[in-house]
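If you want the building blocks of each chain, they are given just below.
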Amino acid sequence: MGCRVSFFESPPTTDTDKFMDIIHSVEALRERLKREPNNVFVPTMGNLHKGHIELINIAKPRAACTVVSIFVNRLQFGPREDFDRYPRTLKADCDNLEAAGVDVVFVPDEREIYPEPQTYIVEPPDLQHILDGAIRPGHFRGVATVVLKLFNMVMPHSAIFGKKDYQQCLVLNNMVRQLALPIEIILAETVRAKDGLALSSRNSYLTTGERQEAPRLYRLLGKSRQELLNGAVDYQRIELDVMADLAHHGWKPDYVAVRRQSDLLPPVNGEKKLVVLAAARLGKTRLIDNVEVTRG
Ligand code: PAF
């Protein structure tokens, strides 16, 4: 399969079935998708790994056209976060997307997404201020705003997100429901390395030693999961145990929290559908992960 890079925004030809189009402007994207309105969408920030490819594999059978966006969204990064050093690997990403059978890659620059200061903002409710939102103020507002804009540009009937970003999934699911967007949100299981580490673009920041240490996070979440399945109800003790273990091994935990799957609030007794979420720094890298627990 060849790859046609439409840097010049040349008018679409009839051979788009065979080629992956790389499109940079909203205008060209709309023109291209006019011919293929049955599309499924995978928004990304690039630096693609097997987790993203799994989202594409889930997307492909669902529509005639699979659209992937690559856009590192400044609005969702705090002033001291890694926006500038976030890995940008467009060439490799396009090769991987082409091999995965993607039809359209949308790669806008900042002026295309934010041609003027973005003063109309999606403000998610309290959910945006807890857990990751408490550590990264404004993050979910930035995510919701860009995703709504991307939805309006692509106009997909479905969009796929990975459950590694559990809180993001909930924020976006609620946004789609409350704003009555005609889009089905499909959530995909977290893809992991053999040793359990959740795949993430930020794993590339880890040193060799840190990479060996990193699977501890998932191991500890797995232990918590087992305790909950065995009937444990002292959620705070479970959270503190994981935090202490991480700290003992050189991590700086931001939070470990046992929450309800439905709204990420603390569970009341007898709650069946739980999720244990964690975020912690290992060296300079911030890792997040979670495990769902459904009790009988
Ligand atoms: O999960 C991500 O990669 C980003 O938050 C998203 C959904 C592409 C919005 O920028």
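Our subject is the structure that appears above.
Being a predicted model, the structure only gives us computed values, none of them experimental. (Residues numbered from 1 in each chain as written. Predicted model: local features only at pLDDT ≥ 70, side-chain atom pairs only at ≥ 80, totals over all residues. Heavy atoms only, no water.)

1. Description of the packing of helix 6 (residues 139-154) against helix 7 (residues 166-178)
What counts here: For helices, the fitted axis covers only the stretch in contact; all axes are lines through C-alpha atoms, and the angles between them, taken along N-to-C directions, range from 0 to 180 degrees. Only DSSP runs of H or I reaching four residues or more are called helices, and only runs of E reaching two or more are called strands; each is numbered from the N terminus. Here the angle decides the label: under 35 degrees means roughly parallel, over 145 means roughly antiparallel, 65 to 115 means roughly perpendicular, and every other value means oblique. Crossings are assigned a handedness: left-handed for a near helix turned anticlockwise from the far helix by less than a right angle, right-handed for a clockwise turn. Between two residues, a contact is recorded if the distance between any of their heavy atoms is within 4.5 Å. Ten residues, namely Ala, Val, Leu, Ile, Met, Phe, Trp, Tyr, Cys and Pro, are considered nonpolar, four, namely Asp, Glu, Lys and Arg, are considered charged, and the remaining ones, Gly among them, are considered polar.
Relative to each other, helix 6 and helix 7 sit at 50 degrees, their axes nearing to 10 Å. What the angle tells us is that helix 6 and helix 7 run oblique. Helix-helix and strand crossings are classified by hand; for helix 6 and helix 7 the assignment is right-handed. On helix 7, the residues touching F140, V143, A144, V147, L148 and F151 of helix 6 are Q167, Q168, V171, L172, M175 and V176. Among the residues making up the contact of helix 6 with helix 7, the classes are represented as 10 nonpolar, 2 polar and no charged.

2. Remarks on the site of the ligand
Note the threshold: Nearness is defined per residue: one heavy atom within 4 Å of the molecule or strand is enough. Here a polar contact is recorded for every N or O atom pair within 3.5 Å, except that within protein the pair must consist of a potential hydrogen donor and a potential acceptor, and residues adjacent in sequence are included only if both atoms are side-chain atoms. What sets the accessible areas is the Shrake-Rupley method with a 1.4 Å probe; for residues, cover comes only from the shown protein chains.
As a structural note, the neighbourhood of the ligand is formed by P43, T44, M45, N73, Q76, V143, V146, V147, F161, D165 and Q168. In the model, an oxygen atom of the ligand is placed 2.6 Å from a nitrogen or oxygen of the Q76 side chain. A distance of 2.7 Å separates an oxygen atom of the ligand from a polar atom in the side chain of Q168. Surface burial for the ligand is 88%, taken as the share of its 290 Å² of free accessible area covered by protein chains. Broken down by secondary-structure element, the contributors of at least two residues to the shell around the ligand are strand 3 (39-44) and helix 6.

3. A few points about the packing of aromatic side chains
Worth spelling out the cut-off: For Phe, Tyr and Trp, rings pair up if their centres lie within 6.5 Å, where Trp contributes its six-membered ring, and each pair is then called stacked (planes under 30 degrees apart), edge-to-face (over 60) or tilted (otherwise). Three exposure classes are used, based on accessible area relative to the maximum for each residue type with a 1.4 Å probe and protein chains only: buried under 20%, partly exposed in between, and exposed over 50%. Note on criteria: charge over ring means Lys NZ or Arg CZ within 6 Å of the ring centre, with the direction from the centre no more than 35 degrees off the ring normal.
Taken as a whole, this structure holds 5 aromatic pairs when the rule is applied. An angle of 75 degrees between the planes, with centres 5.9 Å apart, marks the rings of F77 and Y86 as edge-to-face. Both residues of the pair, F77 and Y86, belong to the buried class. Here F151 and F161 contribute two aromatic rings whose centre-to-centre distance is 6.5 Å and whose plane-to-plane angle is 65 degrees, an arrangement assigned as edge-to-face. Of the two residues, F151 sits in helix 6 while F161 sits in strand 6 (residues 158-162), which places them 10 residues apart along the sequence. You'll find F151 and F161 in the same group, each marked buried. Among the aromatic residues, those joined into a ring-pair cluster are F41, F151 and F161. If you follow R85 out to its NZ or CZ, it ends over the ring of Y205, 3.9 Å from the centre. Against the face of Y218 rests R192, its NZ or CZ located 3.6 Å from the ring centre.

4. Let's talk about the nonpolar core
Short version of the rule: We define the nonpolar core as a collection of buried residues of types Ala, Val, Leu, Ile, Met, Phe, Trp, Tyr and Cys that are connected through side-chain atoms lying within 4.5 Å of one another.
In this structure, F151 and M175 are the most contacted members of the largest nonpolar core, which totals 45 residues. Sorting the residues of this core by element identifies helix 1 (26-34), strand 4 (65-70), strand 5 (104-106), helix 6, strand 6, helix 7, strand 8 (252-260) and strand 9 (273-282) as the ones contributing at least two each. Among the elements that line this core, the one with the most residues is helix 6, at 10 residues. If we skip the residues at most four places from it in the chain, M175 touches V122, A144, V147, L148, F151 and L181.

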